[in-house]
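# A look at the structure
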Amino acid sequence: MSALMSGGSRHTASESGSSRPTAVLETPDSDERDGARSRRLLSGILTAAVSRGAGMLVPLFLIPVMLSYLGPERYGLWTAVLALAGMAAFADLGLGNGLMTKLARCYSSGDKERARGYISSAYCLLVPMALGVCGLLWLVGSTVPWSSLLGLPATASATEARGMVLICLSAFVLNIPLSLVARVQYAYQQVAVSNLWQTTGNLLALPLVLFSVWAELSPVTVVAASVVGPLIANAANSIWLYLSKMPEVRPRLGHVDLPAMRNLLRLGGLFFLLTIVTSIANSADNLIIAHTRGLQAVTEYAVPAKVLAQAGMLVSLVNVPLWPANGEALNKGDLPWVRSTVRRMTLISTAVAMIPAILLVSVGDRIFAAWLPTPLGDDRWLLAGLAAWWVLLAGIGPRFMVQNAAGVVRPQLVGWAAFLMISLVLKWYGSAKWGIAAVPLIAVAVYAITVLPAALHGYRAALRVSAPRMESLR
C-alpha cells in the first residue's frame, strides 16, 4: 500500500502541450457529475472488498499447508525470500504509479490519443527492462552468496535457497510490465473488472500449490506454484483488454511518444524514489529478524504479520479507487467532494482495519494454536504492535490517494526517508535486545513522528495545487 502513496511536485496542463477542457462549477450538472463519480467509487470499493475477501482466503488457507510441507525453517526461508522480492518493488522505476496519475487525467478529459501514447511508452520502457533484468538474474544468480544474504544456518540447503530466490524474483520482475494492465483499468475506473482478474491470479495459487504438495514435488516447485498465478492472470487480462475491450489504447511501437515518455519518467522518478524507500522500510523486518533472531523467529513473526497484511491489503484495495476518482475531481476543481470523501474513507478504512486487529489481539493465540500444525507462541505485545501498525496505515491511506492523484510526491518521500533511517537502526537494536515484539512497536512510534506529519502536510499541499484551478473556474 505505501508504494501507492505519495506526495510534493506540481504538474500542470502545459506539459507536452496538453490542454484540459474547461469545467463550470455550481452548474446544474455538477451534482450529477459528483453523484456519478461517487457511484463509480462505491462500486469500486465494494468490488475491491468482495474480491479481496475472496482472494485473502487463499493465502490464509495455504499458510498451514505450506508450513506443514516446508517445515518452519524452509517456511522462514521462503518468507525471507519474499521480503527480498518485496524490496525490489522499485524495479518499475515508478512508471506504474506515474501512468495511473497521467491516465486519470486523460480519462477526465477524454483524450484517447494521449492515453495511447502514455500506455505505449510505459510498455516500451518496462518490457525490455524486465526481460534484461530477468536474464541477468539467472546469469549471475549462482555467484551470489544467498545463504549469507538471507542469514541461513549452516544446515540449510544453499541450492534450495538459490532456487527459491531465482523463482520468486523472476516472477516478480516479469510481472512488472504485465501488471500495467491493472493501472490502466483503475485509471479508467474499471475497478471491478480489474479486481476480478487480480483475484483470479490469487486463486490460482490454491490448486497449483495443493497439486504440488499432493504430488510431493520439491520445495522449490511448491514455492513456484505459489507465485506464478498473478503472471498468468495479468497476461490473460492484457490480451482481453487490449484486443477486445479497449483496442483503441492498445500499446504499439508506433504510438510511443517521446514527450509522454519524458513526462512519465519525470513523475515516475519521484514515485521511484518513494517506492525504493517504502519497499525497503516495509520489507526489512523479516531480514532483520533472520539476522538477529534466526529463521524460526522469522516464522513466528511472519505468520501473524501475514494474517494482518491480508486485512491491510483489503484496506489498500478499498482506497486505491480513490486515486483515479480524486484525479478526476481535482482536475475539475471539485475540492468539496475530495474533502468529504476523504473524511468518510478515513473512518471506513480505520474501521475495516480495526476489526481483524482487535480479533487478533484478543484471541489470536488460540486461533493460531487450533489452526497451525506448529506452535508459534502467544506474544500479545507482538500481536498488539502488528495491529497498531495496520490501523495506523489504514487511517492515513485516503490522504495518500489525494496526493497520488495530484502528482504530489516530495513531502511523503521526506517522511519515509526519515522513517527508514531511524527505524532500521532501532528495529535491529530492539529485535536483538527485546525480541521480535519490539519490531512493530518501534515501527509505529517512528511512523507517528516521521511519515504521519509529512503525509498531512502533503495532503494540504495537494489541495493547494488544485485550489487556483478551482478559483479560475468560478
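Now for a description of the structure that goes with this document. Within each chain, residues carry numbers counting from 1 in the order of the written sequence. In keeping with the model being predicted, local features are shown solely for residues with a pLDDT of at least 70 and side-chain atom pairs are shown and tallied solely at 80 or more, while totals for entire chains, interfaces and linings include all residues. Hydrogens and water are ignored here; the side-chain numbers use all heavy atoms of the structure.

### Some points on unusual backbone geometry
Its identity as a non-glycine residue notwithstanding, Gln189 has a phi of 55 degrees, on the positive side. Counting through the fold element by element, Gln189 comes out in the loop between α6 (180–187) and α7 (191–214). Between buried and exposed lies partly exposed: a residue is buried under 20% and exposed over 50% of the maximum accessible area for its type, with that area taken using a 1.4 Å probe on protein chains only. The class of Gln189 is buried, set by a relative accessible area of 15%. Positive phi values are uncommon outside glycine, yet Glu216 reaches one of about 55 degrees. Elements are defined by DSSP. Helices are runs of H or I of four residues or more, strands are runs of E of two residues or more, and each kind is numbered from the N terminus. Position of Glu216 relative to the elements: it lies in the loop between α7 and α8 (219–227). Judged by relative accessible area, Glu216 falls into the exposed class, the value being 66%.

### Quick word on the pattern of salt bridges
For salt bridges, the criterion is a side-chain nitrogen of Lys or Arg within 4 Å of an Asp or Glu carboxyl oxygen. Under the counting rule described, the total for this entry stands at two salt bridges. Between Arg114 and Asp111 there is a salt bridge, with the nearest N and O atoms lying 3.6 Å from each other. Using a relative accessible area of 26% as the deciding quantity, one classes Asp111 as partly exposed. With a shortest N-O distance of 2.8 Å, Lys427 and Asp285 are connected by a salt bridge. Of the two residues, Lys427 is situated in helix α15 (residues 410–434) and Asp285 in helix α10 (residues 258–292); the sequence distance between them amounts to 142 residues.

### Structural notes on helix α9 (residues 229–245)
An α-helix turns once per 3.6 residues; consequently, residues spaced three or four apart project the same way. To estimate how far a helix should extend, the number of its residues minus one is multiplied by 1.5 Å. Spanning 17 residues, α9 covers 22 Å between terminal C-alpha atoms, matching the ideal 24 Å at 1.5 Å per step. Residues Gly229, Leu231, Ala233, Asn234, Asn237, Ser238, Leu241 and Tyr242 constitute the buried set of α9. Residue contacts are defined here by distance: any two heavy atoms, one from each residue, within 4.5 Å place the two residues in contact. Turning to α9, the residues buried within the fold contact α3 (112–140), α5 (158–178), α6, α7 and α8.

### Section: the environment of Val342
Following the sequence through the fold, Val342 ends up in helix α13 (residues 335–371). Remark: the alpha-carbon pair of Val342 and Phe400, spanning 58 residues in sequence, is separated by 9.8 Å.

### Details of the packing of aromatic side chains
Between the rings of Phe, Tyr and Trp (Trp by its six-membered ring), a pair exists once the centres lie within 6.5 Å; its type follows the angle of the planes, with under 30 degrees stacked, over 60 edge-to-face, and the other angles tilted. By the definition in use, this model includes eleven aromatic pairs. Taken together, a centroid distance of 5.9 Å and an interplanar angle of 40 degrees make the contact between Phe211 and Trp214 tilted. With Phe211 and Trp214 both in helix α7, this residue pair falls three residues apart, about one helical turn. The class of Trp214 is exposed, set by a relative accessible area of 69%. On the basis of an interplanar angle of 80 degrees and a centroid distance of 5.4 Å, the ring pair of Trp389 and Tyr447 is categorised as edge-to-face.

### Structural notes on the environment of Val363
Relative to the helices and strands, Val363 is located in helix α13. Linking Val363 and Leu383, residues 20 residues apart in sequence, is a C-alpha distance of 10.0 Å.

### Focus on the nonpolar core
Note on terminology: a nonpolar core comprises buried Ala, Val, Leu, Ile, Met, Phe, Trp, Tyr and Cys residues joined through side-chain atoms within 4.5 Å. In this structure, Leu99, Leu103, Trp389, Trp416, Phe419 and Tyr447 are the most contacted members of the largest nonpolar core, which totals 127 residues. Element by element, the count of residues in this core is highest for helix α14 (residues 380–406), at 15 residues. Ignoring sequence-local partners within four residues, the contact set of Phe419 consists of Ala281, Trp389, Leu424, Lys427, Ala443, Val446, Tyr447, Thr450 and Val451.

### Examining the packing of α6 against α7
Axis angle and axis distance: for two packed helices, these are the angle between their axes and the distance between the axes, and together they describe the pair. Note on method: axes are straight lines fitted to C-alpha atoms, helices fitted across the in-contact stretch only, with angles between N-to-C directions ranging 0 to 180 degrees. Packing of α6 against α7 brings their axes to within 8 Å, and their N-to-C directions diverge by 155 degrees. The angle between the axes of α6 and α7 places the two elements in the roughly antiparallel class. Here Ala182, Gln185 and Tyr186 of α6 lie close against α7, whose contacting residues are Val191, Val193, Ser194, Asn195, Trp197 and Gln198. For this classification, the nonpolar set comprises Ala, Val, Leu, Ile, Met, Phe, Trp, Tyr, Cys and Pro, the charged set comprises Asp, Glu, Lys and Arg, and every other residue, Gly included, is treated as polar. Class assignment of the residues belonging to the contact of α6 with α7 gives a composition of five nonpolar, four polar and no charged. Angle categories: roughly parallel below 35 degrees, roughly antiparallel above 145, roughly perpendicular from 65 to 115, and oblique for all the rest.

### As for the packing of α6 against α9
Relative orientation of the contacting elements α6 and α9 amounts to 50 degrees, with a least axis distance of 9 Å. Judged on the interaxial angle alone, α9 and α6 are oblique. Considering only the axes of α6 and α9, their crossing is left-handed. On α9, the residues touching Val181, Val184 and Gln185 of α6 are Asn234, Asn237, Ser238, Trp240, Leu241 and Tyr242. Residue composition of the contact of α6 with α9, by class: five nonpolar, four polar and no charged. Note on convention: near helix rotated counterclockwise from far helix by under a right angle means a left-handed crossing. Clockwise means right-handed.

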